[in-house]
Amino acid sequence: MAFPSPTKNYHTTSYPDIDPTSARLSTKGKNVVITGGGSGIGGDTTLAFAKSGASNIALLGRTEKTLLETKKRLATQYSGTAISTYAADLVDKQSLERALATIHSSFGTIDVLVANAGYLPTLQSIADTDLDEWYNGFEVNVKGNFNLIRAFLPHAAEDAAVINISTGIVHLPFLKGYSGYHTSKLASAKMFDYLHKEHPNLFVLNVHPGVIVTAMNDKTKDSGTVLPFDDVDLPASFVVWAVSPEARFLNGRFVWAHWDVNELKGMAKDIESSDKFTLGLLGWP
Ligand SMILES: NC(=O)c1ccc[n+]([C@@H]2O[C@H](COP(=O)([O-])OP(=O)(O)OC[C@H]3O[C@@H](n4cnc5c(N)ncnc54)[C@H](OP(=O)(O)O)[C@@H]3O)[C@@H](O)[C@H]2O)c1
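Residues numbered from 1 in each chain as written. Predicted model: local features only at pLDDT ≥ 70, side-chain atom pairs only at ≥ 80, totals over all residues. Heavy atoms only, no water.

### A short note on the sheet that holds strand β2 (residues 56-61)
Part 1: Taken in spatial order, the 7 strands of this open sheet run β3-β2-β1-β4-β5-β6-β7, and their pairing is parallel. Looking at which strands have only one partner, the edges of the open sheet turn out to be β3 (82-87) and β7 (254-256). Pairwise comparison of adjacent strand axes, ignoring direction, gives a mean angle of 20° for this sheet.
Part 2: Relative to β2, strand β1 (residues 31-35) is paired through 5 bridges, and the arrangement is parallel. Bridge assignment links Val 33 to a residue of β2, and that residue is Ala 58.
Part 3: Seen against the sheet, helix α4 (residues 131-152) touches β1, β4 (110-115) and β5 (156-165) and runs at an angle of roughly 180° to β4. (Pairing = 2+ DSSP bridges. Helix = DSSP H or I, 4+ residues; strand = E, 2+ residues; numbered from the N terminus. Axes fitted to C-alpha atoms, helices over the stretch in contact; angles between N-to-C directions. Contact = heavy atoms within 4.5 Å.)

The following block contains the structure:
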């Protein structure tokens, strides 16, 4: 399956314009929080922020072991970046509040929040699936990110950037078995739109990261839908670009990591003066 793209160049791996080692994209002095930083896209996003010189990166997830592994992987090579880990379940409001308050008191206000952690319910039809399994998509992707937003706001820098790692599936009409994921990720993306409208001082962006080999993606291997894989350094680098001043014209939008950032910049006026790349109803108005 090949996807349509609003830019001529459709990337599947990182490229110089989004290279996190570029001085243009430096995050030196910034405090970054990444949920699900112990594995997959979150782990490599942590690496990209370390490459861009972030001063502090706080990793959140339920499994302390994987968070510590990410920290260990980067600690020696990126000694200018302090990495801290917080074992917290997004669904547990109190543990999130404690973690975000500790991050604020240890490092200062939070400049960048990457809401990356997510849950993919087992792929089955509505008729066949187990309700609790299906609903866990809403527990983690909606309630969990609701808790995250609420725990983050009191500790956010005035002009903080918030990136929600969503999925391009929300733009597709139907994918067999994906109802639990599709509906909960759609609801979650809309919730981040509300964050944007309610806090215009923040930068908020929904991002489709691409199709990446991860533990979560492995659950889709028998789904019968074959999607082409992208390199994990594509979304990782793209997120670093997205929190830079260059990307501010995308505030409140939903973009795919594949889209060429130079071509997007060329479309800035059109994007800012229209509802381009926002969620709505196809064919209306
Ligand atoms: N891989 C893809 O092809 C793809 C495509 C589109 C979108 N995405 C999105 O990308 C994001 C990252 O997924 P991934 O593919 O990198 O999968 P992954 O490697 O399985 O990572 C998911 C991460 O979320 C964390 N997590 C899950 N439930 C949590 C909870 N209740 N509280 C705190 N942390 C929790 C996990 O850590 P613990 O288990 O330790 O808590 C894990 O680190 C997700 O939002 C996913 O929807 C992925």
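### Some thoughts on the packing of helix α1 (residues 40-51) against helix α7 (residues 233-242)
Two quantities define a packed helix pair, namely the angle between the helix axes and the distance between the axes.
Part 1: Between α1 and α7, the shortest axis-to-axis distance is 8 Å and the interhelical angle comes to 50°. By the angle between their axes, α1 is oblique relative to α7. Crossing handedness for the pair α1 and α7: right-handed. Contacts between α1 and α7 involve Ile 41, Asp 44, Thr 45, Ala 48 and Phe 49 on the former and, on the latter, Pro 235, Ala 236, Ser 237, Val 239 and Val 240.
Part 2: Its residues assigned to classes, the contact of α1 with α7 comprises 7 nonpolar, 2 polar and 1 charged. (Parallel < 35°, antiparallel > 145°, perpendicular 65-115°, else oblique. Left-handed = near helix turned anticlockwise from the far one by under 90°. Nonpolar A, V, L, I, M, F, W, Y, C, P; charged D, E, K, R; others polar.)

### Here we look at the site of the ligand
Part 1: Lining the immediate surroundings of the ligand are 27 residues, of which Arg 62, Thr 63, Asn 116, Tyr 181 and Thr 214 lie closest.
Part 2: Take Gly 36: an N or O atom from its main chain is 3.3 Å from an oxygen atom of the ligand.
Part 3: A distance of 2.5 Å separates an oxygen atom of the ligand from a polar atom in the side chain of Tyr 181.
Part 4: Taken by itself the ligand offers 870 Å² of open surface, and the protein chains cover 91% of this.
Part 5: When residues of the shell around the ligand are traced back to their parent elements, those giving at least two are α1, α5 (179-198) and α6 (215-218). (Near = heavy atom within 4 Å. Polar contact = N/O pair within 3.5 Å; in protein donor to acceptor, adjacent residues only side chain to side chain. Areas by Shrake-Rupley, 256 points an atom, 1.4 Å probe, with all protein chains shown as cover.)

### As for the side chain of Lys 185
Part 1: Structurally, Lys 185 can be placed in helix α5.
Part 2: The side chain of Lys 185 is buried and forms no salt bridge, while Asp 193, the nearest opposite charge, is found at 13 Å.
Part 3: Those residues in contact with Lys 185 that lie beyond four places of it in its chain are Asn 141, Ile 165, Ser 166, Thr 167 and Val 170. (Buried < 20%, exposed > 50% of the residue type's maximum accessible area, 1.4 Å probe, protein only. Lys, Arg positive; Asp, Glu negative; His and termini not counted. Salt bridge = Lys/Arg side-chain N within 4 Å of Asp/Glu carboxyl O.)

### Some words on helix α2 (residues 64-75)
Part 1: End to end, α2 covers 16 Å across 12 residues, agreeing with the expected 16 Å (1.5 Å per residue, within 8%).
Part 2: Within α2, burial applies to Leu 67, Thr 70 and Leu 74. Axial view of α2: buried residues confined to an arc of 60°, hence all on one face. Residues of α2 that are exposed and point more than 90 degrees away from the buried face comprise Lys 65 and Lys 72.
Part 3: Looking at the buried residues of α2, the elements they touch are α1, β2 and β3. (Expected span 1.5 Å × (residues − 1). Arc of directions from axis to C-beta.)

### Comments concerning the environment of Leu 131
Part 1: Secondary-structure assignment places Leu 131 in helix α4.
Part 2: Once the C-alpha coordinates of Leu 131 and Gly 180 are considered, the two residues, 49 residues apart in sequence, prove to be 9.4 Å apart.

### Describing the packing of aromatic side chains
Part 1: Within this structure, the stated rule accounts for 7 aromatic pairs.
Part 2: Where Tyr 135 meets Phe 138, the ring centres are 5.7 Å apart and the plane angle is 15°; that geometry is what we call stacked. Of this pair, Tyr 135 and Phe 138 both sit in helix α4, 3 residues apart, roughly one helical turn.
Part 3: Between Phe 238 and Trp 241 the ring centres are 5.5 Å apart and the planes differ by 50°, which places this aromatic pair in the tilted class. Taken together, the residues span about one helical turn, with Phe 238 and Trp 241 both in helix α7 at a distance of 3 residues.
Part 4: Exposure remark for Phe 238: the relative accessible area of 0% places this residue in the buried category.
Part 5: One aromatic cluster is present, formed by Phe 3, Trp 256, Trp 259 and Phe 277 through successive ring pairs. (Phe/Tyr/Trp six-rings, centres within 6.5 Å; stacked < 30°, edge-to-face > 60°.)

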